[in-house]
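Architecture and fold: a report
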Amino acid sequence: MVSKQTVSYLTQRFREVGLEPDSRHGQNFLIDLNLINLLVDSADIQPNDLVLEIGTGTGSLTALMAAKAAHVITVEIDTHLHQLAREELEEFDNVTMVQQDALRNKNNFNPIVLETIQNRFSEIPGGRFKLVANLPYNVATPIISNLLLTEILPTSMTVTIQKELADRIVAVPSTKDYSALSIWMQSLCDCRIVRVLGPGVFWPRPKVHSAIIHLEHSLEKRGRITDVRFYHEFVRSLFFHRRKFLRSVIISSCKGKLDKPEVDEVLAALKLGPNARAEELPVEGILELGEAFRQKLHDLGKI
Ligand code: SAH
C-alpha cells in the first residue's frame, strides 16, 4: 500500500472539488512519505489493533493503517474532507468514518466518538486500542490528555503535534516547559520524541516546527494512582499559580476542605519545607504528594 499524499496530488484533488485547506481546522497534511511511514511504524500497528485517527484529511494515513490494523476509526470535523476521503477509503471494509468534532468541549471527548470506539473494541477480543494521527494542532492537548481519562484506555498514542507541545510533554523539572501537562503525561506514559519535523514536510506549510511523539501508556504507572480523576485535577491545580510556593497553592486549592494545619501536616510528612515549589518536584514526588492529599481528604470524608 503506497500513500498518494504528495503536494501535486493534494493540490489537484483540492482543485477538483473546489476546496482550500482550512487553517482554522489545523489542516496541514503530511506530504513526506517516509515520515508518514515513520509515524505508522512507530505505532507498531498489529493485526489485532483498533486504531483511532483524529483528522481523516484526505484519508491517506487512514488507508495505510487500515492495511495493518483490525479496524480504523477515523474522525473528521470537515464535511467536505469527510466526503472526499470517503471515496479514497471505499475499498476498506475495516474503516469506520465519523464526521464529527472529536471533542464535545475542552475537557471531554465527543460521546458519539467514544461510543463508536467502545462498540468496535468489543468486536476485537484481546485487541489493543491505539491513537495514531497527524493531529489538528489546536485540539492536540485536549485529545491526548483526555484520552487517558476515558473508559477505553489506549495502549499507546503516536501522533504528530506542534514541537513546542512535544517539548512540554517530555520536559524535566525546573525548566520552563515543565508543567501540569508534563507531569500528567509522564505519570501515566513513557514519553518519547521520535522525530522533529520542519514546516516543509507539510502542505500547506505551518508556521511552527512539529514532532512525532510516541506515548506508551504504562499500566504499571497507572497502578500507582488510586484515583486518576482526582490526580488529574490535583496536578492541574498545582500549576494554576506558577510562581507561588507549593504550600500556598495547595492551601488555596484545598480551601473549604483542608485547613492550613492539615495541609502543613501532609507537607511535613513528605519533608516538603515552606520553600518547596511544584515545578522543582520530580514526577515521582508529585505522585506521592497527590496520593498523600487524596488519602488525607479521604480520611476526613471530604472525597
Ligand atoms: N490525517 C491527515 C490530515 C491531518 S490535518 C494527514 O495526515 O494528512 C488535521 C485534520 O484534522 C484536518 O483534516 C482537519 O479538518 C481535522 N480536524 C480539525 N479539528 C478537528 C476536530 N476537532 N475533530 C476532528 N477532526 C478535526
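Worth saying up front: this structure is predicted, and the values here are computed from it rather than measured.

Turning to the overall build of the protein, a few remarks are in order. Scanning the protein for helices and strands turns up 13 helices and 11 strands. The C-alpha radius of gyration computed for the protein amounts to 21 Å, which stays within 12% of the reference 19 Å derived for 303 residues, consistent with globular compactness. Taking the principal axes of its C-alpha atoms as reference, the protein extends roughly 70 × 40 × 30 Å. A buried classification covers 52% of the 303 residues belonging to the protein. Excluding contacts between residues fewer than 6 apart, the proportion of contacts in the protein whose partners are at least 24 apart in sequence is 68%. About 14300 Å² of surface is accessible on the protein, with carbon and sulfur atoms providing 50% of the total. Taking the average location of the 35 positive side-chain charges in the protein and that of its 37 negative ones, the two points are 7 Å from each other.

The next point concerns the sheet that holds strand β2 (residues 49–54). Taken in spatial order, the seven strands line up as β4-β3-β2-β7-β8-β11-β9 in an open sheet, and their pairing is mixed. Strands with a single pairing partner mark the edges of an open sheet, and in this sheet they are β4 (95–99) and β9 (189–197). Going from strand to strand, the sheet's axes swing by 20 degrees on average, the running direction of each strand aside. By the bridge criterion, five bridges tie strand β3 (residues 71–76) to β4 in an arrangement that is parallel. In the strand pairing of β4, Glu76 is matched with Gln99. The strands touched by helix α4 (residues 79–89) within the sheet are β3 and β4, with β4 carrying the most contacts at an inclination of about 165 degrees.

What follows deals with the environment of Arg192. Looking at the secondary structure, you find Arg192 in strand β9. Its relative accessible area of 43% is what places Arg192 among the partly exposed residues. Through-space distance from the C-alpha of Arg192 to that of Ile169 is 8.9 Å; in sequence the pair is 23 residues apart. With residues up to four places along the chain from it excluded, the contact list for Arg192 reads Val170, Ile212, Ile213 and His214.

Attention now moves to α4. Buried within α4 are the following residues: Leu81, His82, Leu84, Ala85, Glu88 and Leu89. An end-on view of α4 places all buried positions within 165 degrees of arc, on one side of the element. Against α1 (7–16), β1 (29–30), α3 (60–66), β3 and β4 lie the buried residues of α4. Its side-chain oxygen at 2.8 Å from the backbone nitrogen of His80, Asp78 defines the N-terminal cap of α4.

Considered domain by domain, the protein is made up of domain 1 (2–222) and domain 2 (228–299). Between the C-alpha centres of domain 1 and domain 2 there is a distance of 34 Å. Where domain 1 abuts domain 2, roughly 1300 Å² becomes buried across the two surfaces, and 64% of that area is made up of carbon and sulfur atoms. Together, Leu149, Tyr178 and Ile183 form the three largest contributors to the area buried by domain 1 at its contact with domain 2, with a combined 39%. One can count zero salt bridges joining domain 1 with domain 2. Put simply, domain 1 and domain 2 have five residue pairs in polar contact (both at pLDDT 80 or more) between them. Residues of the side of domain 1 that touches domain 2, tallied by class, amount to seven nonpolar, six polar and two charged.

Scoring rules and cut-offs
- Residues numbered from 1 in each chain as written.
- Predicted model: local features only at pLDDT ≥ 70, side-chain atom pairs only at ≥ 80, totals over all residues.
- Heavy atoms only, no water.
- Helix = DSSP H or I, 4+ residues; strand = E, 2+ residues; numbered from the N terminus.
- Rg over C-alpha atoms; globule rule 2.2 N^0.38 Å.
- Buried < 20%, exposed > 50% of the residue type's maximum accessible area, 1.4 Å probe, protein only.
- Contact = heavy atoms within 4.5 Å.
- Areas by Shrake-Rupley, 256 points an atom, 1.4 Å probe, with all protein chains shown as cover.
- Lys, Arg positive; Asp, Glu negative; His and termini not counted.
- Charge placed at Lys NZ, Arg CZ, Asp CG, Glu CD.
- Pairing = 2+ DSSP bridges.
- Axes fitted to C-alpha atoms, helices over the stretch in contact; angles between N-to-C directions.
- Arc of directions from axis to C-beta.
- Polar contact = N/O pair within 3.5 Å; in protein donor to acceptor, adjacent residues only side chain to side chain.
- Domains from an automatic or database assignment.
- Buried area = accessible area lost by both parts, 1.4 Å probe.
- Salt bridge = Lys/Arg side-chain N within 4 Å of Asp/Glu carboxyl O.
- Nonpolar A, V, L, I, M, F, W, Y, C, P; charged D, E, K, R; others polar.

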